Amino acid sequence: MNSKYDYDIIRDYLHGLVDQETARRIRDLIREDEVARNIAAGILQLEHEFNGREEEIESYIEGLRLKQLTLINVQGRSRHIRAWMKIAATILIIAVAGSVVWLTIGKSDLVEDELRNPYPLTVADRGNNEVNKGFEFYQKGEYRKAIASFGQEADDVSTIFYNGLSNLYAGEYEKAVALLGTLSLKESRYKEQAEWYRAIGLLKAGREEEAKASLEKIRDQSQHYKSTAAEKILGSP
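Since we're looking at a predicted model, the values are computed, not measured.

A.B. asks: Please explain the overall build of the protein as it appears in this structure.
C.D. replies: A tally of regular secondary structure across the protein gives 14 helices and zero strands. Written out in order from the N terminus, the α and β elements of the protein read α-α-α-α-α-α-α-α-α-α-α-α-α-α. Across the 237 residues that make up the protein, the buried fraction comes to 43%. Long-range contacts, defined here as pairs at least 24 residues apart, represent 58% of the contacts in the protein between residues at least 6 apart. Carbon and sulfur atoms form 49% of the exposed surface of the protein, whose accessible area is close to 13100 Å².

Dropping the structure here:
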């Protein structure tokens, strides 16, 4: 197996654990190389299948390695074969699943950029809720305090929208998806924003197929303010 395919480095890249130069190199590799894309997709699929439990992933890979050793009648432990099997395991799990998990190099970077740059709060967004401390906490980036202040029964669209965003930025992705999908938001001035951030929430919640469908819908609306961003995340057909 070509040495440019390094399971551990690709995995660390996907988790944001590499330096900028390595990130650039791996990003370019995945963008340009189908095998690297499949390895990255396979790593994500393995982590999904085993809920991120490294011990079970290692056990799965070790089982494949032992079967391979039996087939080729090689004795002992070979670091080269084990390294190769880590990569082979990621490709195999994709083949068994029947389709490659959709993954573009821009996906992780663009999504994380959205989370690092919260949607701005303006005076107009506060509506008739000036007394609500939730907006003040949101502005300060104190999202859990904002969630508590917004409460569960609010029916004002501004409050629902920023409550949904607060949950998104606080890592409460399922709650964010539910709030941002509220019918009143779909009929409000926040329609496009809620649609976009709900798609981000679906991605972070691991609901890949729903996220993909939402992003495709946004991409196909040429006037949508995030049409181009959705296309970048989805990648070229």
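A.B. asks: How should the environment of D8 be read in this particular structure?
C.D. replies: Note on placement: D8 falls in helix α1 (residues 7-14). With 35 residues separating them in the primary sequence, D8 and I43 have C-alpha atoms 9.6 Å apart.

A.B. asks: Would you take a moment to explain the confidence of the model for the protein for this structure?
C.D. replies: Segments scoring low in pLDDT should not have their predicted coordinates read at a detailed level. Residues at a pLDDT of 70 or more form 71% of the protein, whose mean pLDDT is 78. Note on residues 74-81: pLDDT is under 50 here. Beyond four places in sequence and across chains, it has ten contacts.

A.B. asks: So what exactly am I meant to see when it comes to the packing of aromatic side chains here?
C.D. replies: Each pair of aromatic rings is reported with the distance of its centres and the angle of its planes. Counted by the stated rule, this structure contains twelve aromatic pairs. With a centroid separation of 5.2 Å and 50 degrees between ring planes, the pair formed by Y143 and Y169 is classed as tilted. Of this pair, Y143 sits in helix α8 (residues 143-150) while Y169 is found in helix α9 (residues 157-169), placing the two residues 26 residues apart along the sequence. For the pair formed by Y143 and Y169, the shared burial category is buried.

A.B. asks: Hey, could you run me through the environment of A23 in this one?
C.D. replies: With respect to the secondary-structure elements, A23 resides in helix α2 (residues 20-32). Residue class for A23 comes out buried when judged on its relative accessible area of 14%. A sequence separation of eleven residues divides A23 from D12, and the C-alpha atoms of the two residues are 9.2 Å apart. Every residue in contact with A23, bar those within four places of it in the chain, is listed here: Y13 and V18.

A.B. asks: How do you make sense of the pattern of salt bridges when you look at a structure like this?
C.D. replies: Under the criterion given, the structure shown has 15 salt bridges. Residue E172 pairs with R144 through a salt bridge whose shortest N-O separation is 3.0 Å. One end of the pair, E172, is in the loop between α9 and α10 (173-180); the other, R144, is in helix α8, with 28 residues separating them in the sequence. Classification of E172 by relative accessible area gives partly exposed; the value is 32%.

Basis of the calculations
- Residues numbered from 1 in each chain as written.
- Predicted model: local features only at pLDDT ≥ 70, side-chain atom pairs only at ≥ 80, totals over all residues.
- Heavy atoms only, no water.
- Helix = DSSP H or I, 4+ residues; strand = E, 2+ residues; numbered from the N terminus.
- Buried < 20%, exposed > 50% of the residue type's maximum accessible area, 1.4 Å probe, protein only.
- Contact = heavy atoms within 4.5 Å.
- Areas by Shrake-Rupley, 256 points an atom, 1.4 Å probe, with all protein chains shown as cover.
- pLDDT = per-residue confidence, 0-100.
- Phe/Tyr/Trp six-rings, centres within 6.5 Å; stacked < 30°, edge-to-face > 60°.
- Salt bridge = Lys/Arg side-chain N within 4 Å of Asp/Glu carboxyl O.

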